[in-house]
Amino acid sequence: MTRQIKMIAGLLATTSVAGLVVAAFPQISLAGQKHTYDPILVQRYNSGCVEKVTGKGYSPAQAKQMCSCSMSNMQSQLTENQAISLLIKSQFSFSKDKDTGLPTSLSPYFVGCKA
């Protein structure tokens, strides 16, 4: 593991809003997704996202659907490195979306996502 990846993984593991960890596993792109992300990144994002969204009154099934949709939207717009950068920056944001409980910098990726 390179020093940069170790630093990012350490930062994410200790300060993560979404509980992200970076590893190097390929993932097959799904329909509508322009970019593929490490499956561990996707799983950790979805896990942290579901936790936050259920805290805002959504059922676990609704939260899972919304979070999965937001990840698909992110993959259609951002490379994995861009997404990692966004997620790291969002961890230090005090501005939270009133509907999801997540940083407002992630709100654009929930557009069109229904519970």
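Note that the structure is predicted; figures quoted are calculated from it, not measured.

Chemist: I tried to follow the overall build of the protein chain on my own but got confused; where do I start?
Modeler: Looking only at helices and strands, one finds four helices and zero strands in the protein chain. Beginning at the N terminus, the succession of helices and strands in the protein chain can be written as α-α-α-α. Burial status across the protein chain gives 37% buried among its 115 residues. Residue pairs in contact within the protein chain that sit at least 24 positions apart in sequence constitute 60% of those at least 6 positions apart. With an accessible surface of roughly 6,600 Å², the protein chain has 58% of that area assigned to carbon and sulfur atoms.

Chemist: Could you clarify how one ought to interpret the confidence of the model for the protein chain in this entry?
Modeler: Any segment with low pLDDT has predicted coordinates that should not be analysed in fine detail. In the predicted model, the protein chain carries a mean pLDDT of 80, and 71% of its residues have values of at least 70. Here helix 1 (residues 3–15) is the element of the protein chain with the lowest mean pLDDT, 45, and helix 3 (residues 60–77) is the one with the highest, 96.

Chemist: Looking at this structure, how should I read the state of the cysteines?
Modeler: Two cysteines whose sulfur atoms are joined by a covalent bond form what is called a disulfide. All chains considered together, the criterion is met by two disulfides. Between Cys49 and Cys67 runs a disulfide, and the two sulfur atoms are separated by 2.0 Å. For the disulfide bridge between Cys49 and Cys67, the dihedral angle about the S-S bond is near -85°, and by the sign convention the bridge is left-handed. Taken together, the positions of Cys49 in helix 2 (residues 39–54) and Cys67 in helix 3 put the pair 18 residues apart, joining distant regions of the chain.

Chemist: When you look at helix 2 in this model, what are you seeing that I'm missing?
Modeler: Note on helix geometry: an α-helix contains 3.6 residues per turn, so any two residues three or four positions apart are oriented the same way. Taking 1.5 Å of rise per residue, the 16 residues of helix 2 would be expected to cover 22 Å, and the 22 Å separating its terminal C-alpha atoms lies within 8% of that figure. Inspection of helix 2 places Leu41, Val42, Tyr45, Asn46, Gly48, Cys49, Val50 and Val53 among the buried residues, and these make up the whole buried set. Those residues of helix 2 that are buried are in contact with helix 3 and helix 4 (80–91). At the N-terminal end of helix 2, a side-chain oxygen is found 2.6 Å from the backbone nitrogen of Ile40, two or three residues along, and the residue is Asp38.

Analysis parameters
- Residues numbered from 1 in each chain as written.
- Predicted model: local features only at pLDDT ≥ 70, side-chain atom pairs only at ≥ 80, totals over all residues.
- Heavy atoms only, no water.
- Helix = DSSP H or I, 4+ residues; strand = E, 2+ residues; numbered from the N terminus.
- Buried < 20%, exposed > 50% of the residue type's maximum accessible area, 1.4 Å probe, protein only.
- Contact = heavy atoms within 4.5 Å.
- Areas by Shrake-Rupley, 256 points an atom, 1.4 Å probe, with all protein chains shown as cover.
- pLDDT = per-residue confidence, 0-100.
- Disulfide = S-S within 2.5 Å.
- Expected span 1.5 Å × (residues − 1).
- Polar contact = N/O pair within 3.5 Å; in protein donor to acceptor, adjacent residues only side chain to side chain.

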